[in-house]
Amino acid sequence: MILLILLGVPLFAAALLAFVGDRRLAPEINILGSAATFIAGIGLALQVYEKGPMTAGGEFFFVDAFNVYLAVLTSFVSMTTAIFSRRYMRREREHGRVGHVGMRFYHAMYQLFIFAMLLCLLTNNIGVLWIAMELATLSTVLLVSLYRTPTAIEAAWKYFILCGVGIAQALFGTVLLYFAAEKVLGEGGEALLWTNLSRVSDKLEPTVLSLAFVFLMVGYGTKVGLVPLHNWLPDAHSEGPTPISAVLSGLLLNIALYALVRCKVLVDGSTHTHYAGNIMMGFGLLSILVAAFSLLRQKDIKRMFSYSSIEHMGIATFAFGLGGPIATFGALLHMLVHSLAKSAIFFTVGHASQMHRTQEMDMIKGLFKGNPLVGWGMMFGVMAIVGMPPFGIFTSEFLILTATIKDAPLMTPFLLLGLGVAFAALFRKVQPMVAGEAPPHQRYLKVAHVPVLLHMTLVLVIGLYLPDFLNRWFHTAVELLK
Amino acid sequence: MILRQLAIEIVQVALLIGLSPLFIGWVRMLKCWSQGRSSAGILQPYRDLAKLFAKDVILAENASWIFRFTPYLVFGTAVLAGGIIPILSVDLPLAPTADVIVLVGFFAVARFFTALAGMDIGAAFGGMGSSREMTIASLAEPAMLMSIFTVSLANQSTSLSYIVQVICSGQSVLRPSLAFAFLAFVLITLTETGRIPVDNPSTHLELTMIHEAMILEYSGRHLALIEWAGMMKLSLFVMLGIACFAPWGIASGVGLMEIVTAFIAMTLKLGLVAFGIVLIETGLAKMRLFRLTEFLGTAFLMATLGMLSFYILE
Amino acid sequence: MNLHAIAQINSFLAALVLLTAFAMLVQRRINGLIHLFAWQGLFLSVNTAMIGFVASKHHLYISSLLTLSLKVILLPYILHVLIVRLKIRKEVETIMNIPLTMLIGIILVIFSYHLTAPVRELSSLITRSTLAVALATVMIGLLMMITRKHAVTQIIGFLAMENGLFFAATSATYGMPLVVELGVALDVLIAAFIFGIFFFHIHTTFDSLDVEQMARLKEGD
C-alpha cells in the first residue's frame, strides 16, 4: 500500500539510476522519482490526518503526526532539490568537475539517501532507526568527496570518522535501551518497538535510561551537529555538491533531531524529571552561541551557512529540551521553515558560486545586477533565516522565545545574544555579495528558478498565515510528544 | 613432627643449592641444540664453579667492605628465598613468617647491594651497569608486585604456602586474572633473571651488558658465589612461577612418598619450563635499552589488567 | 556443561577480547594490527556461539557466523589487499608514547566499570559482568583512533569499536533481535567498502595515508 510505494519508489529509482548512468534522462528520472515519492507522502499524510496514528507491516512501521509531517517535508525538499540539481549538475558536468561515473553514482546515491531517510522516519523499531541513520550517513559520505579535491576528501573522511564514532555511541545507547526494555517487555523484537516502549515507559528503569540517554545524546547529537560534536559539519556541508549540501542541511539534521526527540520522550516517561530536557537545552544553547560567533569569521559562503544550520538546529534542540506545548510547537514549526529556507539559500548560493567559479565570499559581488533572481533570492533567504518578519522563522523563534521567558527566564539573554549575533554576522557578509557592481569574472547562467521561488513563497505564506491543517497537524504532534 | 618439617626444609634448600647449576646446564644445552651447536654438557656449570673457587681473588685497592661483602649477601638471600618458596612441600616451618612481599624484598636487597658493588670501585662499566640495572628495577618492581598482588587477591592471602594450597584444591582453572598475572610474571622473570630479550646472559660486549657489567670486577670465589646465586635466582623464579600458577603435585604434608612424588613432579616441570625459556631466547632478539620501558610497561599493564579482571569478571 | 563452567569460559574470552584491544593499542606494525583484529573477532564469535548454545537462542548462531565471516575473514582480507596494493608503509606513528597510552587505557577500563554498575546490578544474565569489558573495548577503540596518525589504524579503531558494541549487545541482553544484527552487519559491510574506496582516493590525492596531511580545512584562512 501507500507505505510500500513511499519506500519502494526511491529504492527502485536508485537501482534504475545506477543502470541509466550519465545518460540524458537521468536527472529527469531523478525528478520523477522524487515527485512520485512526494505524492505518496501526501497520500500517507492524508490517511494519518483522517484516521490518526497507524502501524503497518506487522508493527514494523509506525506513522503518526510527528513523523508523517517530516516525511512529507523530506520528500518535498528532495523533489525541489532534484529539480535544482538538474540545471546545477549539468553545469558542473560541463565545467568538468564531475565525470561519468561520478554522475551515475550521484544520482543513484541521491535516491538511496532519500530511501534511508524515509525508512528512518517511518520505522517503529529503534534498532532499524539506527541502521537507517547509519545508511543515510554512508550513502552521502562518498557524495561529499565527489569532486575529489584534497579538501573534499578530507571533509568526507572527517564526516565518515566523526559521524561513525558518534553513531557507535548511539548504538550503545540503543543496546542499553533494549536492556531496560527487555525486563518489562520480554525478549525479542517487540522490546524495540517504539509503540510498546512508549506504552510502558514509566516501568523502565530510570538509571539505565538516564545512562542510555547520555550515549544517545552524544550519538544522535553528533549527527544533528550540536557543539562540541560539530566539527564535521562545516566541512562536509561545504565541500560536497550544492544539492547534497542542501539536503544534508535541510533534511538529515532534522531526522537526527527526530530520533533524539523520540528517545527523549521515552526517557521523560521513565525518569519523570527534566533530566533529558536539561541536557538538550544545554547542548542547544551551546550550539547557538558557538555557531553565532563562528559566523563572524567565515570566508567561504557554504561554510558560513553550515554554521547557520548548526545554530538553527541548536535552537530547535533547545526548544525540544524546554518542553511544554508552546516550545514544542515552535520547534516543530522551526524544523519546517528552516528546512525550506536553508535549502532555498543553498540553491541561490550554488548558482552564485557557479557564476563566480568560487566559494569565497570576497570574490562574489553584485548579484542584484548580475542575476536578479539569484541576488534577491539570497537576500530574502537570509532575511528569512535570521528571523525577520514576516517570514516563518520569525514566528517559530518568537514562540520559542516566549516559552523561554516563561519557563527558563535566565536563558533568554543567551538566546537573544545568539540570535542577534547571527543576524548581524549574516547580514554583514551577505550585503557586499548582493549589492554593488558585478565583477568582471562573473558569468551569467540560466538558473533553476522554480525551487527557490517555491520555497520562499512557502516560508512567506507560513509566516503570514499558518494554514489550518498545518496548525492542527502540529497540535496533534505536540500532544504526542508530551 | 617439627623435626620432619625441618628436615624437609633443609633438604629443599640443599637441593636448590645443589641442583640449580644442573638446571642452568640443561637450559644451556637446549639452547645449543636449538641453535645447531654441540653443547658443553649438562655438568659444565659445576666445572665452571669449581674452576672459579680454585682461583685467587683479585681486589682493587680502593674496594670497600661492600665489595667484599656483597657476594656472600647475594648468595645468602638466594638461599633464604629458597627456604620460603614451596618447592617440595607446602608444610614448611618458615612459611608462617614470610610471604611474597618478603620474597620480593630479598631480591631487592640483593639487587641493591650488587648495584652498590658495581659502583664501588669507580670503573666506568660498573657504574653503567648499575644505573641500567636500577632503571630496569624501578620499572620491573611495580610490575612484579602487581602480578603477585593479583595472585594474592585471587587466593586471598599473601602467604605462598596458603596460595599453593588454595590453587591445589582447585575449584577454578580458567581464571582470567591469573592468566594475565601469569603473562606478566613471564615477562618479569625474563627481566629479573637477565635473559633475552632484556639482557644477554652470555655477552661481554660493552654496550649490551647490564648484569654482567655490575659484576665485571669480581674474580675467584666471589665471582663463583655470585654466579651460583644467579643460577639459583633463575631456578627460584621458575619455581615461584610454578608455585603460583601450576603447583599440582606438590606435597601437602611430610610423608616420604609425597616428597618423592613432589620431587619428580618438580623436575619434570622444570624440564618443560626450560624448553619454554629456550624457545623465547632463541626466538626473540635483545631489545634496545630504550624499548625496555614499553616491555616493562606491557608487563605492568598485564598485571593491572589481571587485577581489574579480578574485580570486573569475578 | 554446567552454568559455572560456561560463565568461566565467558569471562576468559572477555579477558582475551580486552587483551587484544590493548595489544592493538600498543601495536606498531599494521600487519600485526590486522591479525589482532582478526583474533578479536574470533574470540567474539566463539563467545556468541557459546552463549547461543547455553541460552538456547538460535539467532545468536547466525550472528556468530556473520561475525566470523565478516570480521575474521572478509575485513582482514580487504585490509590486507589494500595495504599490499597501495604499498602502505608498515609502521605507524603515535601522538603520545606507548606507556602513557596504556595508562590511559587502564583508566578507561576502570571508568567503564563504574559506568556500567547500574546495569550490572539489574541484570540477571550470566554475562552481565562482561558489559564493562565491552564498553572498555569501545573506548579503547576510540582511543586508538585519536592517538594514531594513520588512516588504516583509524579504520581499525572504528571496527574495534563495532566489535565492542556487538559484544555489549551479547553481554547485556543475549543479543539484539536478528533484524537489528543483520542490519548492523550490513552497515559494517558497506562501511568497509566505502573505506576501501576512500583509501584509494586518499592515496591518489595525498600520496600517503598519514592523516596529518588532511588538515587544510581550517577556519577563515
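So, how was this worked out
- Residues numbered from 1 in each chain as written.
- Chains lettered and ligands numbered in written order.
- Predicted model: local features only at pLDDT ≥ 70, side-chain atom pairs only at ≥ 80, totals over all residues.
- Helix = DSSP H or I, 4+ residues; strand = E, 2+ residues; numbered from the N terminus.
- Rg over C-alpha atoms; globule rule 2.2 N^0.38 Å.
- Buried ≥ 20, exposed ≤ 12 C-beta atoms within 10 Å, placed from the backbone.
- Contact = placed C-beta atoms within 7 Å.
- Expected span 1.5 Å × (residues − 1).
- Bend = angle between axes of the 7 residues up to and from the residue.
- pLDDT = per-residue confidence, 0-100.
- Core = buried A, V, L, I, M, F, W, Y, C linked by C-beta atoms within 7 Å.
- Nonpolar A, V, L, I, M, F, W, Y, C, P; charged D, E, K, R; others polar.
- Axes fitted to C-alpha atoms, helices over the stretch in contact; angles between N-to-C directions.
- Parallel < 35°, antiparallel > 145°, perpendicular 65-115°, else oblique.
- Left-handed = near helix turned anticlockwise from the far one by under 90°.

In terms of regular secondary structure, chain B is built from 11 helices and 0 strands. Secondary structure elements of chain B, listed N to C terminal, follow the sequence α-α-α-α-α-α-α-α-α-α-α. For a compact globule of 314 residues, the expected C-alpha radius of gyration is about 20 Å, and chain B comes in at 19 Å, within 12% of that figure. Expressed along its principal axes, the backbone C-alpha trace of chain B runs to roughly 55 × 45 × 40 Å. In chain B, which comprises 314 residues, the proportion classed as buried is 48%. A sequence separation of at least 24 residues applies to 82% of the contacts in chain B between residues at least 6 apart.

What follows concerns the interface of chain C and chain A. Contacts between the two partners involve 36 residues from chain C, matched on the other side by 39 residues from chain A. Residue assignment for the side of chain C that touches chain A shows that the elements contributing at least two residues are helix 5 (117–122), helix 6 (130–147), helix 7 (151–173) and helix 8 (178–206) of chain C. The leading source of residues in the side of chain C that touches chain A is helix 8 of chain C, at 14 residues.

As a further point, take helix 3 (residues 59–86) of chain C. Residue and element names in this part refer to chain C. The end-to-end C-alpha distance of helix 3 is 38 Å, a good match for the 40 Å that 28 residues give at a rise of 1.5 Å each. The largest bend in helix 3 is about 30°, located at leucine 74, with the proline proline 76 one to four residues further on. Every buried residue of helix 3 is listed here: Leu60, Ser63, Ser64, Leu66, Thr67, Lys71, Leu75, Pro76, Leu79 and Leu82. Summarising the contacts, the buried residues of helix 3 are in contact with helix 2 (30–55), helix 7 and helix 8.

Turning to the confidence of the model for chain B, a few remarks are in order. For chain B, per-residue confidence averages 84 on the pLDDT scale, and residues scoring 70 or more make up 95% of the total. Ranking the helices and strands of chain B by mean pLDDT puts helix 2 (residues 44–54) of chain B first, with 91, and helix 6 (residues 160–168) of chain B last, with 77.

A comparison of contact numbers over the 2 pairs of chains in contact places chains A and C at the top. No interface is formed between chain A and chain B, the nearest pair of C-alpha atoms being 19 Å apart.

All right, on to the nonpolar core then. Formed by 358 residues in total, the largest nonpolar core has its most connected members in Met117, Ala156, Val175 and Leu176 of chain A together with Ala143 of chain B. The greatest single-element share of this core, amounting to 23 residues, is contributed by helix 6 (residues 150–185) of chain A. Non-local contacts of leucine 176 of chain A, meaning those with residues more than four positions away in its chain, are made with Val208, Leu211, Ala212 and Phe215 of chain A together with Val119 and Ala172 of chain C.

Across the boundary between the two partners, chain C contributes 21 residues, which contact 17 residues of chain B. Residue assignment for the side of chain C that touches chain B shows that the elements contributing at least two residues are helix 1 (3–26), helix 4 (98–115) and helix 6 of chain C. A total of 10 residues in the side of chain C that touches chain B trace back to one element, the largest contributor, which is helix 1 of chain C. In the side of chain C that touches chain B, the residues fall into 17 nonpolar, 4 polar and no charged.

Residues and elements named next belong to chain A. Running from N to C, helix 9 (residues 232–239) and helix 12 (residues 301–322) cross one another at 130°; their axes reach a closest spacing of 8 Å. Looking at the two axes, helix 9 sits oblique to helix 12. Like other packed secondary-structure pairs, helix 9 and helix 12 cross with a definite hand, here right-handed. In this structure, helix 9 uses Leu233, Pro234, His237 and Ser238 to contact helix 12, whose residues at the interface are Lys302, Arg303, Ser306, Tyr307, Ser309 and Ile310. Class assignment for the residues of the contact of helix 9 with helix 12 results in 4 nonpolar, 4 polar and 2 charged.

Averaged over chain A, the pLDDT score is 86; the fraction of residues at 70 or greater is 100%. Ranking the elements of chain A by mean pLDDT puts strand 1 (residues 54–56) of chain A last with 78 and helix 12 of chain A first with 91.

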